[in-house]
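Examining the three-dimensional arrangement
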Amino acid sequence: MVLKFLNWMYIFWICLGMGMLIQPFVQKNSNLFFVLLFGLFGEMMLIHFFAIWLPINEIFYGANFLFASFIILIRFQTIKTQLKSCFAEWESWKIPIQILGVLLTTLILMQSATKPFIVDNETYYIQTIKWLNEFGLVKGLANLHFFFGQMSGWHLLQSGFNFGFISNSLNDLNGFMMLIFTFFSLHHLNRFFQSRITMDLFLGLIPVGNLFFFQFLSAPSPDLPVFLISQLIFYLFYKNFIDYQGEFKLLLLLVIFLIFIKITVLPLLILPLVLLIRHQLFKIEWRFMMLIALMSISLYFLKNYIISGYLIYPISIFSSLLNPDWKLSPEMAKFMMQNMKVDSLTGLDFEEIQRQSFFEYFKNWLLEPGLRSVFNKLIILLLLIFPIWIRKNKTLFWLYIYALVQFGVLYFTSPQYRFFMPLITGMSLYILAKLLLNNSKFVLPIFGFFGLIALIPLLFSINVSNIKNSNFMPDKLEPYRLRNVIVPANISLHQFEYEKVREGNFEYNSPIGETEFFWITGDGELPCVNQSMLEYFKKWYHVRPQLRTGNLEDGFYAEKINK
């Protein structure tokens, strides 16, 4: 916990400097929470650019720290005012809300210091960040393990905060995000008791989902920032739709931020577009729009092009125009697209899914086992009942239109329950806020119960065998250990042994004995990939990764082999 807290302080310092640099261009009078979000966005852009040329190593860390410190020095008086305002805000909170803030901070620290529970952490999160720390963006890395082609902007951002050249236990970005959002929510919860405004309560209730959110804290999962920031986007749209508050730039920046983190949320662009048209903002905001669009699209395309040879991985749009020697083979890109669909239905291959009728597919998707079934049913239920609240509310109407579009895009591409969580969270919180609006005496008890219930898995070993979504995940959640007060748990759930395997012109590390779930890599030394996976693609797709030159930093290409 101590190391985690110190790392949070470092993240805070860097984001404070970068955020103060960006603030005047987006929202001059924004509070500290938004400054930190600006800092995260700016840092992500900086790392994208830097990683094209160089690794995110100690040289980057040193230069980054000096740059952030320089900005903080220049804007010291503004920062001092911001911090005083934060402390004054804290003192104005109701005593129960202050107590909740302390308790939730402790729980977030505890959860962040435990072992991760997310399968994707073992398949490509850990390895992605290692590649970034040691080499930056590597040409054709997707040829080694095509999950690397999904590299999120969140992973690039995490590579700038994990001190990979010193420790392998500091992937703490999600914990930091949860912490600042918790205090932002508590601010709105406290404000609700004066304003009695539904949307203040909406934001104030976000920690009600802690039992679910906390499972994403100890790994750099891109899902958590999407779950949280999407609620802020809904709030800003709601706030500015009828009576424009001058927050279009803020809304657009947050939407771009989330698209960089996870391309599946692309339909969120509907919301700033609606504001742009409704309030005729194009003439005022076109310069900012063009600047952020040009910068973000260029960096996003460059990242994808370097890693996979595709501009929008794994979609083949414009791919015929670009044919670098490190381009992922068409067979692998097609397999990746099919795999996204297969992940939505347990036990079926792509051909079986293709043969199903629309209603058969829907029934099987709805009746998936474990958590999938619960959340699949919940999103359908919410989409059916939510119109009750939008009959006389044009703002909610447009948010509902967005929800339908987002659901449709996900359902027909990759209908995994976690992709629906921003919608599930948003609609559930709004309904709960409406139900509690005139029953404020129940707000704090409900908030406290659901916010602090996340303590149970930290104290007791909880059996999750009936709700887990992968056989590779453990049957029990590992509780918090006393030793984690000082030393956090390993960033990998498993401590594999590895063997050296030669494949053509390069050697790699493969986890010993892991043959059934062949996507797995764990925390092995670079290059690390599962031998079973390479053998599978050699046998059925007649392709294997090979070094472009004799150096790992020059990347990989896909070599066709004889049948």
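This report concerns the structure included in the present document. As the structure is a computational prediction, the values presented were derived from the model and not from experiment.

Further remarks concern the overall build of the protein. Counting its secondary structure elements, the protein contains 23 helices and six strands. Here the C-alpha radius of gyration of the protein, 23 Å, is about what a compact globule of 563 residues would show, namely 24 Å. Its C-alpha atoms put the protein at 70 × 60 × 55 Å along the principal axes. Within the protein, the proportion of its 563 residues that are buried is 59%. Across the protein, contacts joining residues at least 24 apart in sequence account for 69% of those joining residues at least 6 apart. When the accessible surface of the protein is split by element, carbon and sulfur atoms take 65% of a total near 24,000 Å². Taken together, the 43 basic and 35 acidic charged side chains of the protein have centroids lying 11 Å from each other.

This part takes up the nonpolar core. Of all hydrophobic cores here, the largest spans 184 residues; its most connected members are F146, L232 and I379. Here the element with the most residues in this core is helix 2 (residues 32-53); it accounts for 15 residues. When sequence neighbours within four positions are dropped, the list of residues in contact with I379 reads W365, F407, F420, L423, I424 and M427.

The first and last C-alpha atoms of helix 3 (residues 58-74) sit 24 Å apart over 17 residues, in line with the 24 Å expected at 1.5 Å per residue. Among the residues making up helix 3, those that are buried are F60, Y61, N64, A68, I71 and I72. Looking straight down helix 3, one finds its buried side chains confined to an arc of 100°; they lie on one side. In this structure, helix 3 carries I59, L66, L73 and I74 as exposed residues pointing more than 90 degrees from its buried face. Of the surrounding elements, those touching the buried residues of helix 3 are helix 1 (2-26), helix 2, helix 4 (76-92), helix 6 (119-135) and helix 7 (153-159). With a side-chain oxygen positioned 3.1 Å from the backbone nitrogen of I59, the residue opening helix 3 is N57.

Largest kink in helix 14 (residues 282-308): about 30°, centred on F288. Tucked inside the fold, the buried residues of helix 14 contact helix 1, helix 2, helix 7, helix 12 (248-261) and helix 13 (270-278). Residue G309 follows helix 14 closely and has a positive phi angle near 85°.

Following the criterion strictly, the structure yields 12 salt bridges and no others. Among the salt bridges present, the one from E559 reaches R544, with a minimum N-O distance of 2.6 Å. Of this pair, E559 sits in strand 6 (residues 556-560) while R544 is found in strand 5 (residues 543-547), placing the two residues 15 residues apart along the sequence. Residues joined by salt bridges that share partners form a network here, namely E503, E535, K538, R544 and E559.

So, on to a nonpolar patch on the surface. On the surface, V2, L3, F5, L6, M9, V485, I486 and V487 cluster together into a nonpolar patch covering about 660 Å² of accessible area. As for its position among the elements, L3 is in helix 1.

This paragraph deals with empty space enclosed by the protein. The full count for this structure, using the stated rule, is four cavities of 30 Å³ or more. The set of elements that each furnish at least two residues to the lining of the largest cavity consists of helix 9 (198-204), helix 19 (394-411) and helix 20 (421-436). Among the residues forming the lining of the largest cavity, the class breakdown is 13 nonpolar, one polar and no charged. One number sums up the size of the second largest cavity: a volume of about 130 Å³. N143, M332, F537, V543 and P545 are, among the 14 residues lining the second largest cavity, the residues nearest its centre. Classifying every residue of the lining of the second largest cavity gives 11 nonpolar, two polar and one charged.

Rules used in this analysis
- Residues numbered from 1 in each chain as written.
- Predicted model: local features only at pLDDT ≥ 70, side-chain atom pairs only at ≥ 80, totals over all residues.
- Heavy atoms only, no water.
- Helix = DSSP H or I, 4+ residues; strand = E, 2+ residues; numbered from the N terminus.
- Rg over C-alpha atoms; globule rule 2.2 N^0.38 Å.
- Buried < 20%, exposed > 50% of the residue type's maximum accessible area, 1.4 Å probe, protein only.
- Contact = heavy atoms within 4.5 Å.
- Areas by Shrake-Rupley, 256 points an atom, 1.4 Å probe, with all protein chains shown as cover.
- Lys, Arg positive; Asp, Glu negative; His and termini not counted.
- Charge placed at Lys NZ, Arg CZ, Asp CG, Glu CD.
- Core = buried A, V, L, I, M, F, W, Y, C linked by side-chain atoms within 4.5 Å.
- Expected span 1.5 Å × (residues − 1).
- Arc of directions from axis to C-beta.
- Polar contact = N/O pair within 3.5 Å; in protein donor to acceptor, adjacent residues only side chain to side chain.
- Bend = angle between axes of the 7 residues up to and from the residue.
- Salt bridge = Lys/Arg side-chain N within 4 Å of Asp/Glu carboxyl O.
- Patch = residues over 30% accessible without salt bridge, like charges linked within 9 Å, V, L, I, M, F, W, Y side chains within 5 Å.
- 1 Å grid on protein atoms, 1.4 Å probe; cavity = no way out; pocket = protein on both sides within 12 Å on 5 of 7 lines; lining within 4 Å.
- Points joined across faces, edges and corners; volume = space filled by probe spheres on them.
- Nonpolar A, V, L, I, M, F, W, Y, C, P; charged D, E, K, R; others polar.

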